[in-house]
Amino acid sequence: MKTMIKRWLQWSTLHRKGAASVEFVTILPLALLLALAVWQLALVGAAIMDTHSAVRDAVKIASMTGDSKFAEKEGKKSFGDSSAYDLKSLKVKIKGEDVRASAETKIPVLFMKSTPFSYTSSSEAPVLAPPPDDQFSAFGGLGGGPLPTGGGSLANPVAVAPGCGITCYSGHTGQDFPGAVGTPIVAAEAGTVTVRHLGNRSYGTYIIIDHGGGMQTLYAHMFPHQPLVKTGDRVKRGQPIGAIGNNGNSSGPHLHFEVKIGGRPVDPIPFLAY
Ligand SMILES: [Zn+2]
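First, a word on scope: everything that follows refers to the structure included in this document. Residue indices follow the written sequence of each chain, beginning from 1 at its first position. Local features in this predicted model are restricted to residues of pLDDT 70 or higher, and side-chain atom pairs are both shown and tallied only at a pLDDT of 80 or more, whereas totals for entire chains, interfaces and linings draw on every residue.

1. Re the nonpolar core
Generally speaking, nonpolar side chains in soluble globular proteins are found buried as a group.
Then, in step 1: Among the nonpolar cores identified, the biggest contains 25 residues, and I185, Y206, Y219, M222 and L255 are the most heavily contacted of them.
Then, in step 2: Numbering of helices and strands runs from the N terminus; a helix is a DSSP stretch of H or I covering at least four residues, while a strand is a stretch of E covering at least two. Those elements giving two or more residues to this core turn out to be strand 7 (204-212), strand 8 (215-220), strand 9 (222-223), strand 11 (240-244) and strand 12 (254-261).
Then, in step 3: Throughout, a residue-residue contact means that the two C-beta atoms, derived from backbone geometry, are no farther apart than 7 Å. In contact with Y206, not counting residues within four places along its chain, are H197, N200, L218, Y219, A220 and M222.
Then, in step 4: Ranked by size, the runner-up nonpolar core spans 16 residues in total, among them V55, A58, V59 and A103. By definition, a nonpolar core groups buried Ala, Val, Leu, Ile, Met, Phe, Trp, Tyr and Cys residues that connect through C-beta atoms lying within 7 Å of each other. With C-beta atoms placed from the backbone, a residue is labelled by how many other C-beta atoms lie within 10 Å of its own: buried for 20 or more, exposed for 12 or fewer, partly exposed between the two.

2. Some remarks on the sheet that holds strand 1 (residues 86-95)
Then, in step 1: We call two strands paired when DSSP finds no fewer than two bridges between them. Strands sit in the order 1-2-3 across an open sheet of three strands; the sheet is antiparallel. In this open sheet, the two strands that pair with only one neighbour each are strand 1 and strand 3 (112-126). The mean inter-strand angle of the sheet, taken between neighbouring strand axes irrespective of direction, is 15 degrees.
Then, in step 2: Where strand 1 and strand 2 (residues 98-109) come together, nine bridges link them in antiparallel fashion. In the strand pairing of strand 2, K93 is matched with R100.
Then, in step 3: Between the N-to-C directions of two axes lies an angle of 0 to 180 degrees, each axis being a line fitted to C-alpha atoms and, for a helix, fitted only over the stretch in contact. Its contacts with the sheet place helix 2 (residues 68-79) against strand 1 and strand 2, and it is angled at close to 150 degrees to strand 1.

3. Some thoughts on unusual backbone geometry
Then, in step 1: In the Ramachandran plot, H221 falls in the positive-phi region, its phi being about 65 degrees despite a non-glycine side chain.
Then, in step 2: Here H221 is to be found in the loop between strand 8 and strand 9.

By themselves these figures say nothing about function.
Here is the structure:
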């Protein structure tokens, strides 16, 4: 009898020890799973925040500049460069007076790299009405200088019909040519590029060509942000210098074209073959 009790006690101790290690073995994976879940949630949270930042900034920039490509580029910068998740797409669309941006981010599932899930976000805003470019009325307003005589006409800078002209609104200093982004712009006459400015608040990307005899032409809101010519370049009449864009103080893709005589903007239409 004594030995039986002894044996039972031995067995019981062993069993309890066994039970204790079973508990330990069960809790450890559970704790690991919990840690992974927290990690996964943190990853999702960060990815969602970055996606929202990209969309918010893209909409803001497009709303201010009216330049969707530029807004997409800047929005991507706001997303940051986390290696843990990817911005699959960021699209900015400007339709009439409305900006819409949408983004999709791929977030990996931990230990299941082949099956990431997508998070999408979008936002809308109105295109802000541009202020009149009155800072250029410092040039002397409309048509101050004498028109050159015997100089012949200028080449049409773009192959699209003219829109809003120099008398279109108070303070307008040139002739607008609304056309699709990317429509080629050519030099209206031979000359030397004297100004090449990227990202002016009003003119956006623009260049000025000096044709001699006190005459200059100006081409604004150009796309891409790098015109085809640089300061000091000699250009030929009709030579491509860039394309129609929609940056600076511009409410839609167009070329803002100026003819200046003695530094003063005049109506370009009489010089053109329209
Ligand atoms: Zn204009």
